[in-house]
Amino acid sequence: MPVRVQTEDFDAGREIARLRAEDRGVGAVAAFIGTVRDVNAGAGVDTMTLEHYPGMTESALEDIVAEAKRHFAVRDVLVVHRVGTLGPGDQIVLVVVTGAHRGAAFDACEFTMDRLKTRAPFWKKERGEHGERWVEARASDDEAAARW
Amino acid sequence: MRDSTDSVVRLRLVYLARLREAFSSAGEALSLADEAPTVADVVASLRARGNVWAAELAPGRAVRFAVNHRLVRVDHTLADGDEVAIFPPVTGG
């Protein structure tokens, strides 16, 4: 199962151990974890609620994983993304890429996150010292996705 | 042979995130009397309601579309039974 959308937390160490145990051809593992910050745009954040589009989310993530595997010489790609209400310090997203060598693993990990940021149907709403607000998309995310 | 019912395209609209809140609706059924409507025709139909619909979908506002769970451009042609989702740019990760 290369993609999971879940409310529960994840254990990166366990996910990586599982991918390595399944494939002795792995010589490199690259991983990214995105977490909730306590401040955004200068304002304190108490909670962040992630909503998604059930039905599309999994297929969008599967497409991204398939694209990463096509473009880079890697062995496997795992994406776990949480939804629901999270607090500062909580984990949001995990990407793990296994490969024979580090170069493709690093690239595929970054590519997967750049695509996810612009193509996977998730939205963040923050509650904090300035009340409630939907997080706005950043132009820098589009630029990051366009470079691949 | 085509009869007059062939030219009505029935769609399921889905509103997400900020747009769901702004429209006070998670979605609705919409029929367009058109041979081959596009996403742009749906947007025009919703804008014509005025108020928050016209404001949120005004030209220049950043809005994204998915048809049957695939991201599409506004010129995408729609078929009877399509699910059309309308939402702000995504902010996951």
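The structure presented is a predicted model; accordingly, all values stated were derived computationally and were not measured. (Residues numbered from 1 in each chain as written. Chains lettered and ligands numbered in written order. Predicted model: local features only at pLDDT ≥ 70, side-chain atom pairs only at ≥ 80, totals over all residues. Heavy atoms only, no water.)

## Considerations on the pattern of salt bridges
Link 1 in the chain: Counting across every chain of the model gives 19 salt bridges over all chains.
Link 2 in the chain: Salt-bridge contacts for A:Asp114 lead to A:Arg147; the nearest nitrogen and oxygen are separated by 2.6 Å. Taken as a pair, A:Asp114 in helix H3 (residues 102-119) and A:Arg147 in the segment after helix H4 (139-146) lie far apart in primary sequence, 33 residues in all.
Link 3 in the chain: Between B:Glu21 and A:Lys125 there is a salt bridge, with its nearest N and O atoms 2.5 Å apart. Linking B:Glu21 in helix H1 (residues 18-23) with A:Lys125 in strand S8 (residues 122-128), this pair reaches from one chain into another.
Link 4 in the chain: Since its relative accessible area comes to 8%, A:Lys125 is described here as buried.
Link 5 in the chain: Ionic contacts of the salt-bridge type, sharing partners, join the residues A:Arg4, A:Glu15, A:Arg18 and A:Glu22 into one network. (Salt bridge = Lys/Arg side-chain N within 4 Å of Asp/Glu carboxyl O. Helix = DSSP H or I, 4+ residues; strand = E, 2+ residues; numbered from the N terminus. Buried < 20%, exposed > 50% of the residue type's maximum accessible area, 1.4 Å probe, protein only.)

## Focus: the sheet that holds strand S1 (residues 3-6) of chain A
Residues and elements named next belong to chain A.
Link 1 in the chain: Strand order in the open sheet formed by four strands is S1-S5-S7-S2, and the pairing between neighbours is mixed. Every interior strand has two partners, whereas the edge strands, S1 and strand S2 (28-35), have only one. Each strand of the sheet is rotated relative to its neighbour by a mean of 10°, with strand direction disregarded.
Link 2 in the chain: One ladder, built from four bridges, connects S1 with strand S5 (residues 74-82); its direction is parallel. (Pairing = 2+ DSSP bridges. Axes fitted to C-alpha atoms, helices over the stretch in contact; angles between N-to-C directions.)

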